[in-house]
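For reference, the chains in residue letters:
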Amino acid sequence: MRLPFGLHSKLTPSCATAIIVSLLPLIYFFPATRGNLIISPDDGVIFNIPMRVVVANLIHSGYVPLWNPYMFGGMPLFGAAQAGVLFPLNWFYLIFSAPVATNLMMLSTYILAALGAYLFARRSGSSIAGAAATSLIWQWSAFMVAKVGQTNVVQTAALLPWVLWAVDRYGMTGRRKHGVVLAFIVAVQIFAGHQQTFAYSFLLAAAYAVVLARASTGSERKSYLKSLVLLSAGVLLAAVQILPTIELLRNSLRASASYDFFSSFSMPPRFVLTFFAPFIMGGGDGQLFRAPYIGPAFVGEYIAYVGAATIMLALVAFLLKRDARTNFWSVVVVVCLALAIGRFLPLNLYKLVYYVPVLNLFRVPARHLMEIQFALAVLAGRGITAIR
């Protein structure tokens, strides 16, 4: 194919591949791209999208969107965080109608996830083919697709690879401007408005920085250690969102949590089989497949599907490319799988996590599938790189 304006001589294979994998969500969600479908099922249409519409309406009326006057006698809006007032992809509602803005918001979220995964994989040593595989697996993983109605979860998860990319970029160069980018991305991720997903992402990025620091020498080691400070600086930058949220939390039912609440929605061990086949417990939308569902309610929280090929390639990376990064992501799979299983762990081991401050406020241990599926995506890309 001949590109216009001489672009064929300027685009490198890596850039061309990045563009292709980033635009694939427009094909995957083609009915939405055409405007025939709105990507907003479940919590999206019930809760998330109305909050964004309220924010836009208040701004258009000349008000600062701090208070939601449309629910009961009114309630905090900005402090609730999930309205995502400061998250840039939600600003489409200021310009477009709600249906158009919703599709633009969700399509751009998946594009962001796809591009971030590709860039991180390339930065951390994967070949072009390996990075493309990482991007495809991540953007089409069960966590990203099954959570499509949980807008804040998907938006926060979409920035996970960008945080890791920024950690690597600063760690490898030590340049101040790259450090500023890292702190800025962390702040934006907080603005997406899902604290649990951010907490898991933050801990993963911090652990990654520590492991890479130990595996590096000289200036790189110092830079990776300094990235821990920059991760914390990103949290401070987002204080404008965090402080009102904490103030509201103190007056919320979620100010504390029992162990039963904390461990609710732990992934039943039999759902490990869904890593290979998404509907092994039944389900399906009826277009390609449908079978009676025999699992617990809210199946979207438990599906772990990445595919047999992904797992095989991840094993290849573990066998043929045993460096610090491969070892790190392999440990992430094992540790986060144990955390996702939660209350089903033997000897009540999961109760130990209940005594960790902040983390003990979050339920749905199965959401640790985010780290697992991203780790497998990275390992699969490294497996392809090792084979080449």
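Each chain has its residues counted from 1, running along the sequence as written. Residue-level local features of this predicted model are given only where pLDDT is at least 70; pairs of side-chain atoms are given and counted only at 80 or more, and the full residue set underlies all totals for whole chains, interfaces and linings. Only hydrogens and water are removed before side-chain values are computed, so all heavy atoms of the structure are retained for them.

## Here's the deal with the packing of aromatic side chains
Right, so step 1: When the centres of two rings from Phe, Tyr and Trp lie within 6.5 Å, Trp using its six-membered ring, the rings pair. Their planes under 30 degrees apart give stacked, over 60 give edge-to-face, and anything left gives tilted. Summed over all chains, the structure comprises 21 aromatic pairs.
Right, so step 2: Plain terms: the ring middles of F120 and Y208 are 5.8 Å apart, the flat faces sit at 70 degrees to each other, and that makes the pair edge-to-face. Here the residue F120 occupies a position in helix α4 (residues 98-123), and Y208 occupies one in helix α10 (residues 195-215), the gap between them amounting to 88 residues. Y208 carries the same exposure label as F120, and that label is buried.
Right, so step 3: Here Y208 and F328 contribute two aromatic rings whose centre-to-centre distance is 5.4 Å and whose plane-to-plane angle is 65 degrees, an arrangement assigned as edge-to-face. In this pair, Y208 is assigned in helix α10 and F328 in helix α15 (residues 324-341), connecting sequence segments 120 residues apart. Helix and strand assignments come from DSSP, with helices taken as H or I runs of at least 4 residues and strands as E runs of at least 2, each series counted from the N terminus. The cut-offs for exposure are 20% and 50% of the maximum accessible area for each residue type, with area from a 1.4 Å probe on protein chains only; residues under the lower value are buried, those over the upper are exposed, and the others partly exposed.

## Points about the packing of helix α1 (residues 13-28) against helix α5 (residues 128-139)
Right, so step 1: At a closest axis distance of 10 Å, the pairing of α1 and α5 adopts a crossing angle of 10 degrees. The orientation of α1 relative to α5 falls into the category roughly parallel. Crossing geometry of α1 relative to α5 is assigned as right-handed. Residues P13, S14, T17, V21, L24 and P25 of α1 lie in contact with α5, whose contacting residues are I128, A132, S135, L136 and Q139. What counts as an axis is a line fitted to C-alpha atoms, over the stretch in contact for a helix, and the angles between N-to-C directions run from 0 to 180 degrees. In this scheme, roughly parallel covers angles under 35 degrees and roughly antiparallel covers those over 145, while 65 to 115 is roughly perpendicular and the rest are oblique. Crossings are classed by handedness, with left-handed meaning an anticlockwise turn of the near helix from the far one by less than a right angle and right-handed meaning a clockwise turn. Contacts are residue-level and defined by heavy atoms, with any inter-residue pair within 4.5 Å sufficient.

## A short note on the confidence of the model for the protein
Do not read the predicted coordinates in detail wherever pLDDT is low.
Right, so step 1: Confidence of the predictor at the level of single residues is given by pLDDT, which spans 0 to 100. Taken over all residues, the pLDDT of the protein has a mean of 93, while the share at 70 or more is 98%.
Right, so step 2: Mean pLDDT across the elements of the protein ranges from a minimum in strand β2 (residues 75-76), with 90, to a maximum in α5, with 98.

## Notes on unusual backbone geometry
Right, so step 1: With a phi angle near 55 degrees, N348 is a residue other than glycine that sits in the positive phi range.
Right, so step 2: Tracing the backbone shows N348 in the loop between α15 and α16 (351-354).
Right, so step 3: Within the chain, V364 stands out as a residue other than glycine whose phi angle is a positive 60 degrees.
Right, so step 4: Of note, V364 is situated in the loop between α16 and α17 (369-387).
Right, so step 5: Residue class for V364 comes out buried when judged on its relative accessible area of 2%.

## Focus on the nonpolar core
Right, so step 1: Residues W138, M144, L164, W329 and F374 are the most contacted members of the largest nonpolar core, which totals 92 residues.
Right, so step 2: By nonpolar core we mean a set of buried residues, namely Ala, Val, Leu, Ile, Met, Phe, Trp, Tyr and Cys, connected to one another through side-chain atoms within 4.5 Å. Within the second largest apolar cluster, 8 residues are counted, among which are M51, V54, V55 and V85.

## Comments concerning the environment of A205
Right, so step 1: Secondary-structure assignment places A205 in helix α10.
Right, so step 2: You can call A205 buried: its relative accessible area is 0%.
Right, so step 3: For the pair A205 and L337, spaced 132 residues apart in sequence, the C-alpha separation works out to 17 Å.
Right, so step 4: Setting aside residues up to four positions removed in sequence, A205 forms contacts with V163, L164 and L231.

## So, the pattern of salt bridges
Right, so step 1: By convention in these notes, a salt bridge is any Lys or Arg side-chain nitrogen within 4 Å of a carboxyl oxygen on Asp or Glu. Applying the stated criterion across every chain yields a total of 4 salt bridges.
Right, so step 2: With a shortest N-O distance of 3.6 Å, E301 and K147 are connected by a salt bridge. With a gap of 154 residues between them, E301 in the loop between α13 (259-262) and α14 (308-320) and K147 in the loop between α6 (142-146) and α7 (151-158) connect regions that are remote in the sequence. Here the two residues E301 and K147 agree in accessibility, since each one is buried.

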